[in-house]
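Structural description and commentary
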Amino acid sequence: MSQDKFKGRIQYIKFGFLGVALIIFAQLVRILITGNDLVSPDTRFVTYNPERGEIYDRNGNLFAGNRIVYEISVNLTTVNANQNQDQIVQILFNVIGKDYSSKFLAAQEYNASQTDPEKKIYYLPLDDFIDPEKITYLENYLEEYATKRLDKKVAKKLPELNLNGLEWWPHLVRTYPESSLASNVIGFVAFQDRTAPTYFGIEEKYNQLLAGKSITVEVSDDPNKMNDLAEVPPGASLILTIDRQIQKSMEQIIDHAVERTGSVSGVIVVEDPETGEILAMATTPRMDLNQYSSELEKFPEMGSFNRAIGVPYEPGSVFKVITMAAALDAGVVTPDTTFTDTGIIYVGQTAIYNWDGGAWGLQDMQGCMQHSLNVCLAWIAQQMGSDLFYQSLENFGIGRSTNIDLDGEIVYPLSVPGDKYWSESNLGTNSFGQGLAATPIQMVTAISAVANDGKIMAPHIVKATIQDGHIYEYTPQVMLMPIKAETAHTLTDMLAKSLEEEASTALVDGYRVAGKTGTGEIAIPGEGYVTELTNASFVGWGPTDDPKFLVYIWLEKPTSDRWGSIVAAPVFAEAVQKLVVYLNIPPDEIRQELYSK
Amino acid sequence: MAKSFTQAYKQAPWRLQVQRFGVIALALVGIAIIAFLYLNISAQSATAGIEVQQLEATRQAIDNENASLLTEWANLTSAVEMEKRAYASGYELIDPNNATYVIAPGYTGKELPDVETAPYSNLSAPTVIKPSYTQSLWEWFYDTMILNGSILGVQP
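The following refers to the structure shown. Owing to the predicted nature of the structure, the values given are computational and were not obtained by experimental measurement.

Quick notes on the overall build of chain A
- When helices and strands are tallied, chain A shows 22 helices and 22 strands.
- For 597 residues, the compact-globule estimate of 2.2 N^0.38 gives 25 Å, and the C-alpha radius of gyration of chain A, at 36 Å, exceeds that figure by more than 25%.
- Taken along its principal axes, the extent of the C-alpha atoms in chain A is 145 × 60 × 60 Å.
- The burial tally for chain A puts 51% of its 597 residues in the buried class.
- Contacts in chain A between residues at least 24 apart in sequence constitute 72% of all its contacts with a sequence separation of at least 6.
- Surface summary for chain A: the accessible area is close to 27300 Å², and the carbon and sulfur share equals 52%.

Here it is, written out as structure tokens:
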């Protein structure tokens, strides 16, 4: 080989190397310049779901929180490669107590029937919502097994444990530490459903706030392409106006009352009339929110999950408080106005009688309320006239939603003159709470005007929201002002005297309270009003000089006695005896002494 | 008329070879330095990335654990449990008529509870990852050396 030929080959090799070097350099420069804009196949979109916000009572006790559970799954490709399906099934049976072999079989049969590789199952979820204790047991078991096999002698006897392909990881689910307490207020998250829908109460009403905002980001498994990881703010937490202790007491009281009176169901609502805060809302039946799937059958009727907001009924004579308040405020009557009760009055074509069918003779307005005279109240409504009467009811919010912050409030429309189903006789029957329907929360809201200087505060359950580290406290709002303050004081005094003169079973030693009983007859389709079936109610508030609570009681279809004064009034007394302790309200005499110091 | 001058002598061939070798070697050293820098920064970036991912996973696990512990605490102090413990400890429900009431000067009633919630997280907060971990070498060079004036001498 000549020297020139040799040099020529060297030149070719040089150019070859130079060319390769240039290509590498060019690629390097391209990557350096385009850098993060490269779309890599190891990039994927991941959705981060925030932790659902907690729900607390007004004293910081947890009503709804979250707990860790585990999902167990297998990577079928790995399992098939390791031929360890039987081992996985056996171990899971020992630890979890369930046989998953049928799931493997179903997946294998499905894969065998698929020709398209993309349609085959590679990832098989075996189970979900496994308690952490079982996973800890599994992990300890595996660790102990591995430790034992470190000993060569033991290792010969123990077969190698191969669980490759078995995976488990934690996630949070909703849980309710108080089980059934305030269940009608809280509602629930159906966490066993992958979409986790919410039902009823606070959970549904505030779902968007509690759930927070999911964030989907593009992440890369290549750490060189690391981006800021998503900071997912947790959902907002809520502090309720509900007092756990008061709620519990009221639930115990209503449970006993329902049992004692043989009622179908019962409701107690406790409100602070000065703020509209609901301190307790106890209804029957209730459910263990952690067992929602098996307990939902307790609520076959619409609205029955929370009867305090979901079931309108004819309240009966408790409604007379509203009629009398409207008449006093309009100046149609005064406490001293007299009425001679003959035991019957015709309004339209309908004859109206008293609850006992009797004639009570000359009565002043306090007497009308004390003896709960239908004839007298119908006469008052007549004196007011239908325009003023129904305008007054609207001023009290009757027939309209209270807009309480709970899901599922039902409103029964109020028939007024001009409506298809209104007749003149409605004026008479409506005056004493028949021929119309309202939910307990509507009654509480309307009558709270009498307990709060004529002002109706918007009823609410959420006291504060905690979001992004800040607490946003709810400011009480005046919703309506249907009567003057002096009217409210006058009527409160009349109703307190009524209870005292009647020696009502609603009275509480040491505390002056005002209140009114109600016995609403129930209309059965095709039969009309059946006197044996009633709704027994009581509304009361106190202390009368500075009301701190308003209590509303409804017992549906009591069988021990049909009258509200017999079955519902004692329940009020029982509730107040508890309330004054929990709310730190001293007896009136002591309170006056303390104030005078 | 322009005249071209021709050197009277040539460089010795071995000198030319040394010069060529030197130029090529210099280029190779330069490339090696760049490659070293790139690999070094990439390795640091990758390590940091993995650490961040691990820390994020740990943080998530701790958040979950906190949520679970909060609930466990609530289970242990639920109304039913507390009532049981109160009775077991010999407490009784008070008779309101036997209660003693006193005025507590300055007490204005119960305030909102100081509840334990998940820590504050602000998406608009400045990024926690330094740009040097997410920039390409070219971006880093451009930002640091040119924009910040290290080369142009705009800024002190």
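Observations concerning the overall build of chain B
- Scanning chain B for helices and strands turns up four helices and zero strands.
- Shown N-terminal to C-terminal, the secondary structure of chain B runs as helices and strands in the order α-α-α-α.
- Split by element, the accessible area of chain B, about 12700 Å² in all, is 63% carbon and sulfur.

A word on the environment of Thr275 of chain A
Residues and elements named next belong to chain A.
- Summarising the element assignment, Thr275 is placed in the loop between strand 10 (265-272) and strand 11 (277-283).
- Overall, the relative accessible area of 17% leaves Thr275 in the buried class.
- Apart from the residues lying within four places of it in its own chain, the contact partners of Thr275 are Met457, Ala458, His460 and Pro476.
- There is a polar contact of 3.2 Å between the side chain of Thr275 and the backbone nitrogen of Glu277.

Notes on the nonpolar core
All names here are of chain A.
- Judged by nonpolar contacts, the single largest core of 98 residues is most densely connected at Ile202, Leu240, Met281, Met365, Ile380, Phe396 and Trp541.
- Ignoring any residue separated from it by four or fewer positions in sequence, one finds Trp541 in contact with Val321, Ile447, Val450, Ala451, Thr492, Leu495, Val513, Ala514, Pro547, Phe549, Leu550 and Phe572.
- With 36 residues, the next largest nonpolar core counts Val567, Ala568, Ala569 and Leu594 among its residues.

Notes on the sheet that holds strand 21 (residues 528-542) of chain A
Residue and element names in this part refer to chain A.
- Across the sheet, which stays open at both edges, the five strands sit in the order 11-10-22-21-20 with antiparallel pairing between neighbours. Two strands lie at the open edges of the sheet, namely strand 11 and strand 20 (514-524), each paired on one side alone. If you compare each strand with its neighbour and ignore which way they point, the axes differ by 15° on average.
- Strand direction decides the pairing type here: strand 21 and strand 22 (residues 549-556), joined by eight bridges, are antiparallel. If you follow Val539 over to strand 22, its bridge partner there is Tyr552.
- Docked against the sheet, helix 10 (residues 244-261) engages strand 10, strand 11 and strand 22, running at close to 35° with respect to strand 11.
- On the sheet, helix 19 (residues 485-502) packs against strand 20 and strand 21 and is oriented at approximately 80° with respect to strand 20.

Looking at the environment of Glu297 of chain A
Residues and elements named next belong to chain A.
- Tracing the sequence through the fold places Glu297 in the loop between helix 11 (292-295) and helix 12 (307-310).
- Owing to a relative accessible area of 69%, Glu297 belongs among the exposed residues under this scheme.
- Once the C-alpha coordinates of Glu297 and Gly97 are considered, the two residues, 200 residues apart in sequence, prove to be 28 Å apart.

Description of the packing of helix 13 (residues 320-330) of chain A against helix 18 (residues 440-451) of chain A
Residues and elements named next belong to chain A.
- With their axes 10 Å apart at the nearest point, helix 13 and helix 18 run at an angle of 40° to one another. Classed by the angle they form, the pair helix 13 and helix 18 counts as oblique. Crossing angle aside, the handedness with which helix 13 passes helix 18 is left-handed. Mapping the contact onto sequence places Val321, Ile322 and Ala325 in helix 13 and Met443, Ala446, Ile447 and Val450 in helix 18.
- Of the residues belonging to the contact of helix 13 with helix 18, the class tally is seven nonpolar, no polar and no charged.

Section: the side chain of Asp405 of chain A
All names here are of chain A.
- Looking at where Asp405 falls in the secondary structure, it is placed in the loop between helix 16 (386-395) and helix 17 (424-431).
- With no salt bridge to any partner, buried Asp405 finds its closest opposite charge in Lys205, at an N-O distance of 7.7 Å.
- One polar contact links the side chain of Asp405 to the main-chain amide nitrogen of Val462, over a distance of 3.0 Å.
- Setting aside chain neighbours within four positions, we find Asp405 in contact with Ile202, Lys205, Tyr206, Pro459, His460, Ile461 and Val462.

Calculation criteria
- Residues numbered from 1 in each chain as written.
- Chains lettered and ligands numbered in written order.
- Predicted model: local features only at pLDDT ≥ 70, side-chain atom pairs only at ≥ 80, totals over all residues.
- Heavy atoms only, no water.
- Helix = DSSP H or I, 4+ residues; strand = E, 2+ residues; numbered from the N terminus.
- Rg over C-alpha atoms; globule rule 2.2 N^0.38 Å.
- Buried < 20%, exposed > 50% of the residue type's maximum accessible area, 1.4 Å probe, protein only.
- Contact = heavy atoms within 4.5 Å.
- Areas by Shrake-Rupley, 256 points an atom, 1.4 Å probe, with all protein chains shown as cover.
- Polar contact = N/O pair within 3.5 Å; in protein donor to acceptor, adjacent residues only side chain to side chain.
- Core = buried A, V, L, I, M, F, W, Y, C linked by side-chain atoms within 4.5 Å.
- Pairing = 2+ DSSP bridges.
- Axes fitted to C-alpha atoms, helices over the stretch in contact; angles between N-to-C directions.
- Parallel < 35°, antiparallel > 145°, perpendicular 65-115°, else oblique.
- Left-handed = near helix turned anticlockwise from the far one by under 90°.
- Nonpolar A, V, L, I, M, F, W, Y, C, P; charged D, E, K, R; others polar.
- Lys, Arg positive; Asp, Glu negative; His and termini not counted.
- Salt bridge = Lys/Arg side-chain N within 4 Å of Asp/Glu carboxyl O.

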